[in-house]
2 protein chains.
Amino acid sequence: MFQSFDTTADPTTGPARLARLRTAMAEGELDGFFVPRTDAHQGEYVADADKRLAWLTGFTGSAGFCLALRDVAGVFIDGRYRAQVRVQVDLRAFTPVHWPETQPGPWLIEQLPAGGRVGFDPWLHTAGEIEKIENDLDGSGIVLVPATNLIDELWQDRPAPPQGAVRVQPVAFAGQSHEDKRAALAAILRAAGEKAAVLTLSDSIAWLLNIRGDDIPHIPVVQGFGVLHDDERVDFYTHPARPAGIGDHFGPEVSLYPDAAFEDALVALDGPVRVDKSTAPYAVSRILEVAGIEVSWGQDPCILPKARKNATELAGAREAHLRDAAALVEFLTWFDATARRGGLTEIDLVVELEAQRRATNSLRDISFETIAGSGPNGAIMHYRVTRESNRKLKRGELVVLDSGGQYDDGTTDITRTLPVGEVGMEERAAFTRVLQGMIAISRARFPKGLAGRDLDPLARYPLWLAGQDFNHGTGHGVGSYLSVHEGPQRISRISEVALEPGMILSNEPGYYRDGAFGIRLENLIAVVEAERPEGGDAEREMYGFETLTFVPIDRRLILVERLAQGERDWLDAYHAHVYHKVAPRVSSPARDWLKAACAPI
Amino acid sequence: MFQSFDTTADPTTGPARLARLRTAMAEGELDGFFVPRTDAHQGEYVADADKRLAWLTGFTGSAGFCLALRDVAGVFIDGRYRAQVRVQVDLRAFTPVHWPETQPGPWLIEQLPAGGRVGFDPWLHTAGEIEKIENDLDGSGIVLVPATNLIDELWQDRPAPPQGAVRVQPVAFAGQSHEDKRAALAAILRAAGEKAAVLTLSDSIAWLLNIRGDDIPHIPVVQGFGVLHDDERVDFYTHPARPAGIGDHFGPEVSLYPDAAFEDALVALDGPVRVDKSTAPYAVSRILEVAGIEVSWGQDPCILPKARKNATELAGAREAHLRDAAALVEFLTWFDATARRGGLTEIDLVVELEAQRRATNSLRDISFETIAGSGPNGAIMHYRVTRESNRKLKRGELVVLDSGGQYDDGTTDITRTLPVGEVGMEERAAFTRVLQGMIAISRARFPKGLAGRDLDPLARYPLWLAGQDFNHGTGHGVGSYLSVHEGPQRISRISEVALEPGMILSNEPGYYRDGAFGIRLENLIAVVEAERPEGGDAEREMYGFETLTFVPIDRRLILVERLAQGERDWLDAYHAHVYHKVAPRVSSPARDWLKAACAPI
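All values derive from a computational prediction rather than experimental measurement. (Residues numbered from 1 in each chain as written. Chains lettered and ligands numbered in written order. Predicted model: local features only at pLDDT ≥ 70, side-chain atom pairs only at ≥ 80, totals over all residues. Heavy atoms only, no water.)

1. Overview of the relation of the copies chain B and chain A
Overlaying chain B with chain A gives an RMSD of 0.0 Å, the required rotation being 180° about an axis along which the chain moves by 0.0 Å. Taken together, the rotation and translation relating the two chain copies correspond to the operation of a two-fold axis. For chain B, the smallest separation between a C-alpha atom and the rotation axis is recorded for Ala564 of chain B, amounting to 2.6 Å. When the interface residues of chain B are mapped onto chain A, 100% of them again fall at the interface, so both copies present the same face. (Least-squares fit on C-alpha atoms with pLDDT ≥ 70 in both. Contact = heavy atoms within 4.5 Å.)

The following block contains the structure:
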């Protein structure tokens, strides 16, 4: 299994570790120390060696940080983790703080007197993050002090950093050689008058060099830092003890160095050097500035080209999604046959679904830990089932099943909501509204230049009319055999990034009633140039979406009479495509199931 | 008539006046002079004395400016006026420049050598506008120079500035005394540590002091400047030669001064003084800064409370809209009877509609010049009919009729699109989509905190699906017996202002096919707290809209089968309300017409 059902929370070790941290703080003349969840590469998942926040506090969520002061230790967590943190940390030692409502700067001003010194590891925080906190602290007399990482000094049995094998991502999947990518990006640097760009995001480096690895669960990256020079050369700094195995993939223009050499290399650069304030460690720009090298703030140059998938990557995504769809259909066939007999648990679903994906013989990993939330667990948006939380499915309940696979040719992410037997009207009405929102995005045609923010309301409008809404974005970007959550594009109130052809997004409206039930539907979609319908404006450039995910949407949950004709037409056409594309890839019983599931409504 | 059909453009006088301006520039050692359309109060309409741009160039549009240099004179106009400018100015003397695509700063850099000096009247440009141009000019060696207004020196027969009577807007319509308004705003200043705020917008002053006037066509304001002190006093600087007549309305805390005293008064203020960078003349902040008085940049404190209509203003708006609706229904009854006989022109419609509004005996003014665009003229978004452009209505055409009235209790603005006989399928299909967009906004329920930008896509989605769109915002704010275009709220891609209960907006999607036809539908709507429907989220605060406009939407243009059930339900309910509310207010023939127009679809 790529997923464990262990309860990783252990609130008992935190207090003693906090006490040792406070001793170390006193020795270092610090009044506080900053312990983030992130590593130096700001990824969503971190290696075991980087789980400092969990080591100190017991809290294992995917975002948050601890500000340990002499008398109080605040664990800053967002809305997703308000309940989880109270189970995972010892509340006598740690104080949960609602973040982002409460920001670290104002909180520090409340807790510390003027003259307070708060240490932080300059590799684990971005320049933008530190700048914001320092702005908030301005005039308070409290300072942030770059320091050696006290956790790393205290953590005796700290795991080794990742040093897995490096694999080539062939051009057959990547669609463009690393030579071509480097040439295109170097031209951008030259046009901007920049001599080099520092790359600190693992997925940027993996994309640029066409490599993949196993350093981090669920995201096939190789951890390290890169420098892209304006003459197309790349220096890649990573753990030196990796097994050889990619032959001469890199060629003469890409040089491999041990990660320990990175700092000295920065000091030897010619400026201006592009650094991404929102993703690069504070240490990077600080080292450059101290060395007198001009820093040019600008976005990591890999981010936009990585987001705009090329034709090969899109073809790969289509194939990966059909392979994944076949596994889902086998799973759903099994589910419908088995659930009716009763006794199934959430873990049973996760195990069976991973087995079906593994049976494709192409699964590299799951793209994140499968969410299988039944009944009230479905209302927990980022629910992860453990042996303790595991529930038996009950008749009349819904199950939210959100999962994805990592394949050489693409990354998938799909959510379906499944009924266990007959489900009530309230759930079906909400399901129908969520479906209407998802269809509105799927069918959308929209003028060039709009951002995800401009489409987000379309997914919510049917729920709004009923006085309902959901508290998450409608969609996130998705990588190409890379991170399942990839920027910069999103369908969200906070996304101002213009959508461009080739960008892959999720389309996943939902509805959640606390303590009762959850609903979510998710397809992946790619931005495409829209065909011009007859009678459409001749001069208007418009984009639309190509749906990539082809798995039936449960008809038993739809109040058909509430759908408008255009919505019905979309659904029938979608199901016809699903059957046509997926039927040839599944077993005979699954084909029978699929035929019924895809009949016109 | 409140509207004339004269062709005001006269391109013949421009070249000689431009030559005289250039002589004056040379005498003043200036290489250019800036001639804006705006006056010192940045309103949409200007008094005859302020029509400097038209005097110099012949161009009479509602926005734009001329940058007159020694060899070239650019007339900057936006998309609405690209055709009009070419008719109104002598193209041998003046060069149309596409604005805002081309900005004044970069254009000046292209046209002038380093050392170039461009004069501007510091009362006619905002501080923000000058700051932006100066930023653009940075490093070019070209400077903007505050100067006396050369146009005013050259313009021999310049009309006198407005000096009309001042009327009281009674609390029965304003809903709040000026004493209470001043107290509330002074408290805001005190909380911000500001000693005073300079008020330069005529509608802000009219709102704050509960006065109205006739200085400007279609906007019932009294031109002047104000200073609101943190002790609730207001000093009002305006033309001294006005007829007396508001008695002791102002009381001891509001003092009237001649406008000539304003500059000296500014210099005598204690700082910090709030100045609105986006609306106050450059001269205001400059005078304060030169005098060493601290300027605190901040929004004109009247803007938000003026936008949030109180219960009395909303009640007035409802009554004004029903009165206006009755006039419209009389007009539409006449139109349906008369149009079929043929021979009607656009001007006939404008004349008849104004007559019907005047017949209410309550019309103070029209709220803007009625747009009556038939056939291809309907595609000109801001069409103003003149005797020269006037067209006979033809069978099979559409007429866009966009008009409004100023009443003591409210300002109206309504657009209907009328068929002349049988209209083709293409027009009816587009009309149906526009109607669907308008219904989507009308029915919307949405979470508190959203801005107009977040709703704008809902009005466009039905058009987008057909590859169509319209090139204007979906809605603008509307004043309470004040400006028909009032900020800060809008339904528009560029509006980030959160919608709040009491704000009145227009809801006016459209569709335009150049040279062929135009369609627009417009109702005014007010933001209200939405009722919580059964099954809605208990904790979610949601807003919705109350429709204020009650005039039938032409059923002959609707493809009923394309409407979803919710849309049909809305339309039938709307028409039932129209009949119920308006029938008692109209003549017997109009009542018969209304009954048929409001029957269920």
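From this point, things continue past the structure.
2. Comments concerning the pattern of salt bridges
All names here are of chain B. Scanning all chains against the criterion turns up 84 salt bridges over all chains. As a salt-bridge pair, Asp409 and Arg323 come within 2.6 Å of each other at their nearest N and O atoms. Here Asp409, found in the loop between strand 18 (405-407) and strand 19 (410-411), pairs with Arg323, found in helix 13 (residues 311-339); they are 86 residues apart in sequence, far enough to count as distant. Its relative accessible area of 15% is what places Arg323 among the buried residues. Residues Glu508 and Arg520 are paired through a salt bridge, measuring 3.7 Å at the closest nitrogen-oxygen approach. (Salt bridge = Lys/Arg side-chain N within 4 Å of Asp/Glu carboxyl O. Helix = DSSP H or I, 4+ residues; strand = E, 2+ residues; numbered from the N terminus. Buried < 20%, exposed > 50% of the residue type's maximum accessible area, 1.4 Å probe, protein only.)

3. Examining the interface of chain B and chain A
Interface size is commonly expressed as the accessible surface area that is lost when the partners come together. Counting residues at the interface gives 36 residues for chain B, matched by 36 residues for chain A. Regarding the contact of chain B and chain A, the summed buried area is about 2900 Å², with carbon and sulfur atoms giving 48% of it. It is Arg453, Tyr461 and Trp464 of chain B that lose the most area in chain B upon contact with chain A, and together they represent 20% of the buried surface on that side. Linking chain B to chain A there are six salt bridges. Our enumeration of links across chain B and chain A arrives at 24 residue pairs in polar contact (both at pLDDT 80 or more). Secondary structure elements with two or more residues in the side of chain B that touches chain A: helix 15 (425-443), strand 21 (445-447), helix 16 (452-465) and strand 25 (510-513) of chain B. Among the elements that take part in the side of chain B that touches chain A, helix 16 of chain B stands out by supplying eight residues, more than any other. Residue composition of the side of chain B that touches chain A, grouped by class: 20 nonpolar, six polar and 10 charged. (Buried area = accessible area lost by both parts, 1.4 Å probe. Polar contact = N/O pair within 3.5 Å; in protein donor to acceptor, adjacent residues only side chain to side chain. Nonpolar A, V, L, I, M, F, W, Y, C, P; charged D, E, K, R; others polar.)

4. Comments concerning the packing of helix 15 (residues 425-443) of chain A against helix 16 (residues 452-465) of chain A
Residue and element names in this part refer to chain A. Their axes nearest at 7 Å, the elements helix 15 and helix 16 cross at an angle of 155°. In terms of axis orientation, helix 15 runs roughly antiparallel to helix 16. Helix 16 is crossed by helix 15, and the crossing has right-handed handedness. Contacts from Arg433, Val434, Gln436, Gly437, Ala440 and Ile441 of helix 15 reach helix 16 at Leu455, Leu458, Ala459, Pro462 and Leu463. (Axes fitted to C-alpha atoms, helices over the stretch in contact; angles between N-to-C directions. Parallel < 35°, antiparallel > 145°, perpendicular 65-115°, else oblique. Left-handed = near helix turned anticlockwise from the far one by under 90°.)

5. Here's the deal with the packing of aromatic side chains
Per the counting criterion, the structure on display carries 38 aromatic pairs over all chains. An angle of 55° between the planes, with centres 5.3 Å apart, marks the rings of Phe34 of chain A and Phe65 of chain A as tilted. Remark: Phe65 of chain A occurs in strand 2 (residues 65-69) and Phe34 of chain A occurs in strand 1 (residues 32-36); sequence separation between them is 31 residues. In this structure Phe34 of chain A comes out as buried when scored by relative accessible area, which is 1%. On the basis of an interplanar angle of 85° and a centroid distance of 6.3 Å, the ring pair of Phe446 of chain B and Tyr543 of chain B is categorised as edge-to-face. On the criterion of sequence distance, the pair formed by Phe446 of chain B in strand 21 and Tyr543 of chain B in strand 28 (residues 542-547) is long-range, its members being 97 residues apart. (Phe/Tyr/Trp six-rings, centres within 6.5 Å; stacked < 30°, edge-to-face > 60°.)

6. Section: the sheet that holds strand 27 (residues 523-529) of chain B
Residues and elements named next belong to chain B. The strand order across the open sheet built from four strands is 21-28-27-24, with neighbouring strands paired in antiparallel fashion. At either margin of the open sheet sits one strand with a lone partner, and together these are strand 21 and strand 24 (504-507). Taken over all neighbouring pairs, the strand axes of this sheet differ in orientation by 40° on average, direction set aside. Sheet topology places strand 24 next to strand 27; four bridges connect them, and they run antiparallel. Its bridge partner lying in strand 27, Leu505 is registered against Ile525. (Pairing = 2+ DSSP bridges.)

7. Some points on the packing of helix 17 (residues 565-582) of chain B against helix 18 (residues 588-597) of chain B
All names here are of chain B. Remark: helix 17 packs on helix 18, axes separated minimally by 9 Å, with the N-to-C direction vectors making an angle of 165°. With respect to helix 18, the axis of helix 17 lies roughly antiparallel. Taken as a pair, helix 17 and helix 18 cross one another with a handedness that is left-handed. Mapping the contact onto sequence places His575, Val578, Tyr579 and Val582 in helix 17 and Arg591, Leu594, Lys595 and Ala597 in helix 18. Class assignment for the residues of the contact of helix 17 with helix 18 results in five nonpolar, one polar and two charged.

8. A few points about the sheet that holds strand 17 (residues 398-403) of chain B
Residue and element names in this part refer to chain B. Taken in spatial order, the three strands of this open sheet run 16-17-20, and their pairing is antiparallel. Edge positions in the sheet fall to strand 16 (371-374) and strand 20 (414-419), since each of these pairs with one other strand and no more. The sheet shows a mean angle of 10° between the axes of neighbouring strands, taken without regard to direction.

9. Considerations on empty space enclosed by the protein
Once rolled over the atoms, a probe with the size of a water molecule shows which space is left empty. Residue and element names in this part refer to chain A. Applying the stated criterion across every chain, the model contains three cavities of 30 Å³ or more. As a volume, the largest cavity reaches approximately 40 Å³. In terms of lining residues, the largest cavity is bounded by His321, Asp324, Ala325, Thr412, Asp413, Ile414, Thr549, Phe550 and Val551. Across the lining of the largest cavity, the residue classes break down as four nonpolar, three polar and two charged. (1 Å grid on protein atoms, 1.4 Å probe; cavity = no way out; pocket = protein on both sides within 12 Å on 5 of 7 lines; lining within 4 Å. Points joined across faces, edges and corners; volume = space filled by probe spheres on them.)

10. Description of helix 1 (residues 14-27) of chain B
All names here are of chain B. Over its 14 residues, helix 1 runs 20 Å from end to end, which matches the ideal 20 Å to within 8%, given 1.5 Å per residue. Inspection of helix 1 places Gly14, Leu18, Leu21, Ala24 and Met25 among the buried residues, and these make up the whole buried set. End-on view of helix 1: buried residues confined to an arc of 120°, all on one side of the axis. Against strand 1 (32-36), helix 2 (52-57), strand 2 (65-69), strand 3 (73-77) and helix 6 (150-154) lie the buried residues of helix 1. Looking one or two residues beyond helix 1, the residue adopting positive phi is Glu29, at roughly 55°. (Expected span 1.5 Å × (residues − 1). Arc of directions from axis to C-beta.)

11. Some remarks on the pairing of strand 25 of chain B
All names here are of chain B. Pairing analysis gives four bridges linking strand 25 to strand 26 (residues 517-520), with the strands arranged antiparallel. The residue bridging Gly510 from the neighbouring strand is Arg520, located in strand 26. Connecting strand 25 to the antiparallel partner strand 26 that follows it, the hairpin turn spans three residues, and Gly515 within it adopts a positive phi of roughly 75°.

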